[in-house]
Structure formats: structure tokens, C-alpha cells
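Chain residues, written in single-letter form:
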Amino acid sequence: MALNTNKIFAIAGTVLLSVIGLTAVSAPAHAADCPYPVTDQTDNDHPKASIHLISPVLTDDNSVHRYDFEGQFTQDCDWFGVGMQFHQVYVPFGLNTTLTFHAANAAGVALANTDVKLRVNKGYSASNAKVRVNGIIARPAPSTAADGADVTAKTDVNGNVSFVVVSPEDCTAYGGTLPAAPRSLDADVPNQVNNDPTTDCFSQVLPQVTGEKTDAADFVELHYFNSSALNYDAPSPSVAQLAPILDGTNSIAVTGEAMRPKTQTYSLVGSKQILAFQALKGDGTWARNMPVSVKINLLNSGANAAISAGIIGNTAKGSSTTLSNTDPSKTLAEAQLVLTGNTDAFGVVTFQLNNNDTSGEVEPATKTSPVPTTGLKFASISASLDGSLDTSSVLEVHYYKAVPLVTSITATASGKKITVTIKNAIGKSSTVTITGLKKATVKPTSATQAYTYTVTKGAKTVTVVSNGKTLTKKFTIK
């Protein structure tokens, strides 16, 4: 892959630059086809995982959406998994950015508790912004397949993961220049206009789970600009939830004359979640660098979940997140916990919400089942800009205790084949012993997993041990 990725920049046909070891522009112009041999044009067509940006939400209007790069990288040349997206976005110098990605498998199922690597100042990109990500300094992008930094974080129960990107303190540290503010958010970035990364200050990042060709992942380029003329006042603001993504398939909308709009959702007892709210000005632009408050277990709400929470990257340089606990003695007069901070470069505040309970509600039949009338265990959450009357709608997270799945084992014979089926033993080492065959050890990876063995004629005894259950069954194979 190193050789192929290097070819990306040969395609551009630009004069190679030599600036602090950087020898390429961030990406090429679109080509009609790939000028390099492609062994199998389809081998990147079915990615194993997808990692897409869900906060902030980037569009054709608020960023430079590079459809040309997407086509070249995934269709003309098969370097990256089909479904990859590429956005270049402007960021005010001095402001931090929290990027939240959603990871899922090929079937669209969220990849919970999974490591995601963020490739920062990606190799060959010519990235020259000295950013920190989760406290780790990224070096200038090498002219090799290596990266300026690789930062790993784990997804939450919803498959979401956040990375805090701290603005560089000096754009000249790696040979760049802090450019003037763009005329619009969708204007071509200086590196593309000038074919010269030294006229720009940017960091290219790419999340990864399985690999370049086997992930459908989102490239994000953060292009910093001189923010000295910006006015951060936020008249007539509004605040709305961005993450996790909730809709009619996984949550319940509640309205009423005497209450703010409310959304109810379910989560497992003891789960960790990443939540993001975004503040917008009255004209729909981002309310950047504004003081914000996140309230948890709102007054008079009846919320009783034990919660630890903190704004992501609230320690020096964004290196870690310090959590605070809800105070259950605060039941009527005020919220049990208030988190304070500033919105980031996109008007977003992102925080971690951990549940500390050991018991919860009855497991719902579906994600949209009405919440129970008794035995409630939930947190209520809202966010608002300080000094503003506008407050986000209320989010209620209802915590339930999952009904333990019972492992079951069956064995059947057909012709000269014996099939052992194990249910509800994912990740559990199981043994299968069959007369005449060597004892096998298996570890199911799905809720129902079948293993088939070819045997000879005669009496056969099958013994299966899995997750504390044992099955012994005898067959006569003819």
C-alpha cells in the first residue's frame, strides 16, 4: 500500500516540493483513470468497516467536499474502500476541534468497544500543522506511508469515538503559513489554489479500523486561518443534539404542552456513551468559542441514574477527560451535575457520559418500546449557551439490565457429517469431542454458530462443552 499511496501524488503532475521533508501536495486533481496498474479494480468494493464523521456534520456548503478525490481514490485507483468521503474544512486558528466518528461493520452494526486509530498528518499528505490529538503531538506528514502521529481511542456502546484536535500554536513550526480567512467555507483551500503546502496550515486525518482498502472512512483536512477578525458573539442561538444519532428507529419522541421536546432512548446499565450538542447562531452559522453548560439529571425531572461525566479533553492539551459524579442529594433545587466549557470550532460541546448503576429497568422489547411506568432508572440531559434562554431539548437515557442469554448446544447427524450448533456463547472457548476425531477447540463469533465434521461409519459419541453447559449425544453412522 505504501507504493500505491505514493502514486497519489505523482498523479497530480506538480513539481515536487522540499519543505522540511515534505515532498507532495495534499491530494491530486481528478484523473480519468488510474495511470498505474490495478490488479483487481473491485478488491476495495466491499469494505469490512465504515468510519464516518457524525460531529461536526460537514456538507457541501460548510466545507470543500472533494468528490474528485473520492472518485480517484476509490474508483479509478482502488487505494481506499468504496464509500470513503473527503472533506476540507476551515478552522479558526486557536480553536480546538472535537471529531466524533461512528464505526460500524459491513452490515451496519455499530462496532462497540472497538479500537479506532486516527492517522494524524497522514503520510504523503504534506500536512504541516503542529496539532495535538488527545494530547499527542503530530509531526509533519512524512513523504512515506508513515504518519505524523497515530492516536488510538475506543468506541462507546453506540460505536462512537471522539478525538480532540488542539490548534497549532504556530503555523511556521513545520514550514507552513497562517493564511487569511477564506472568502467562504466552500472556497478552495490555499494548498490547492497555490499547489504549495507552505502557503497553508493544515492537518489531514483519517480514522482506521481494519485498513485503508478495507475501511470506508472519512478523510478530514482541517485548514487553519487567521481568526483575529472573527466575532464570536452568538445572537439568537439554538442548541441541538448531534451524537449519538437518534431517530424513529432507536428512540422515542415525547411532546407535551407543559414540557420542552424530549427524546427517550435506551442504554445498558454500566455503559459509556459519547454525547455531542451543537450551538448555532440565529443565521445558522456555528456559535464558536461560546461558554456552554451541560446539565445532567435536571431539576424536577425525577432522574435517578448514577452518572459520571466530563467534557471530552477537559485537561491540559486535551490529553484526557476528568469525570465528575452526579449528586443525588440535589433533587429539586438544581441539576445534580453541571459541566461547563466552551464550544469548539464548530459550535460543538462533546462529553462522556458513564453510567455507574448495577441495576436498571426491565429490558425493552425494542429500542422504541414505551418506557416502563415503574422501576425507572434514567438520566435527563440538556445543554445551553450561558446567558441564553434557548436550551436544547431534553434527552432521557433509560438504563436497563440485559436478560442473560442462556447457552444451548445441539448436535445432529446427516449422512457422514455431524453438525454441532452452539447458541449464545460468543467468545467462549468451547470443546467438541467426537469418536475417531481429534478433540477440537472452537470460539463462536456469532450468536448462533454451527460446526460440521466429517466422520466414518460406526458408533459415534459427541461431547460438547461450552460456557458451563455440556451435551453428550450418540449416533450410529451407516
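Predicted model, so just to flag it, every value in this text is computed and none were measured.

**Q** It is not clear to me how the side chain of histidine 223 should be interpreted in this structure. Could you clarify?
**A** Considering the arrangement of structural elements, one finds histidine 223 in strand β11 (residues 215-225). In this structure the side chain of histidine 223 is engaged in a polar contact, spanning 2.9 Å, whose partner is the side chain of aspartate 200. Ignoring anything within four residues of it in the chain, the contact list for histidine 223 reads Gln88, Val89, Tyr90, Val91, Val189, Asp200, Cys201 and Phe202.

**Q** So what exactly am I meant to see when it comes to the sheet that holds strand β29 (residues 458-466) here?
**A** Neighbouring strands of a sheet are bound in pairs by backbone hydrogen bonds; such pairs are parallel or else antiparallel. Taken together, four strands build an open sheet; the order of strands is β27-β26-β29-β30 and the sheet is antiparallel. A strand with exactly one partner marks an edge of an open sheet, and here the two such strands are β27 (440-442) and β30 (469-477). Sheet twist, expressed as the mean angle between neighbouring strand axes with direction ignored, is 20°. Sheet topology note: the strand β26 (residues 430-434)/β27 ladder contains three bridges and is antiparallel.

**Q** Please clarify how helix α2 (residues 67-76) should be interpreted in this entry.
**A** Since the α-helix turns once every 3.6 residues, residues separated by three or four places project in the same direction. Counting buried positions along α2 gives seven out of 10 residues, so the element sits mostly inside the fold. For α2, every residue scored as buried is listed here: Phe69, Glu70, Gly71, Gln72, Phe73, Thr74 and Asp76.

**Q** I keep staring at a negative patch on the surface and nothing clicks. Help me out?
**A** Taken together, the side chains of Asp60, Asp61, Asp186 and Asp188 make up a negatively charged region of the molecular surface. Its place among the elements puts aspartate 186 in the loop between β9 (160-166) and α3 (190-194). The partly exposed category is assigned to aspartate 186, whose relative accessible area is 39%.

**Q** What's the story with the packing of aromatic side chains in this structure? I'm lost.
**A** Any pair of aromatic rings gets described here by the distance separating the centres and the angle formed by the planes. On inspection of all chains with the given rule, the structure shows 13 aromatic pairs. Seen from their ring centres, phenylalanine 73 and phenylalanine 219 are 6.1 Å apart, and the 65° between their planes marks the pair as edge-to-face. Of the two residues, phenylalanine 73 is situated in helix α2 and phenylalanine 219 in strand β11; the sequence distance between them amounts to 146 residues. The burial state of phenylalanine 73 is the same as that of phenylalanine 219; both residues are buried. Across the ring face of phenylalanine 69, the terminal group of arginine 66 is positioned such that the distance to the ring centre comes to 4.2 Å.

**Q** Would you explain the nonpolar core in this entry?
**A** Soluble globular proteins: nonpolar side chains tend toward being buried together. Core analysis: the largest hydrophobic core is formed by 49 residues, its most contacted members being Phe101, Val120 and Phe163. For this core, the leading source of residues is β11, giving five residues. Residues contacting phenylalanine 163, with those up to four places away along its chain left out, are Thr97, Thr98, Leu99, Phe101, Val116, Leu118, Val133, Asn134, Val151, Thr152 and Ala153. Residues Ile296, Leu339, Phe351 and Ala383 belong to the second largest nonpolar core, which totals 27 residues.

**Q** Please clarify how unusual backbone geometry should be interpreted in this entry.
**A** As a rule of thumb, non-glycine residues mostly have phi less than zero, and peptide bonds are mostly trans rather than cis. The peptide bond linking serine 55 to proline 56 adopts the cis configuration, its omega dihedral lying at 0°. Assignment of secondary structure puts proline 56 in the loop between β1 (49-55) and β2 (64-65). The step from alanine 243 to proline 244 runs through a cis peptide bond, and the omega angle for that step is -5°. One can find proline 244 in the loop between β12 (238-243) and β13 (252-254). Residues other than glycine seldom take positive phi values, yet alanine 126 does so here, at roughly 70°.

Reading the values: the criteria
- Residues numbered from 1 in each chain as written.
- Predicted model: local features only at pLDDT ≥ 70, side-chain atom pairs only at ≥ 80, totals over all residues.
- Heavy atoms only, no water.
- Helix = DSSP H or I, 4+ residues; strand = E, 2+ residues; numbered from the N terminus.
- Polar contact = N/O pair within 3.5 Å; in protein donor to acceptor, adjacent residues only side chain to side chain.
- Contact = heavy atoms within 4.5 Å.
- Pairing = 2+ DSSP bridges.
- Axes fitted to C-alpha atoms, helices over the stretch in contact; angles between N-to-C directions.
- Buried < 20%, exposed > 50% of the residue type's maximum accessible area, 1.4 Å probe, protein only.
- Patch = residues over 30% accessible without salt bridge, like charges linked within 9 Å, V, L, I, M, F, W, Y side chains within 5 Å.
- Areas by Shrake-Rupley, 256 points an atom, 1.4 Å probe, with all protein chains shown as cover.
- Salt bridge = Lys/Arg side-chain N within 4 Å of Asp/Glu carboxyl O.
- Lys, Arg positive; Asp, Glu negative; His and termini not counted.
- Charge placed at Lys NZ, Arg CZ, Asp CG, Glu CD.
- Phe/Tyr/Trp six-rings, centres within 6.5 Å; stacked < 30°, edge-to-face > 60°.
- Lys NZ or Arg CZ within 6 Å of the ring centre and 35° of its normal.
- Core = buried A, V, L, I, M, F, W, Y, C linked by side-chain atoms within 4.5 Å.

From the geometry alone we can't say anything about function, so treat these as descriptive.
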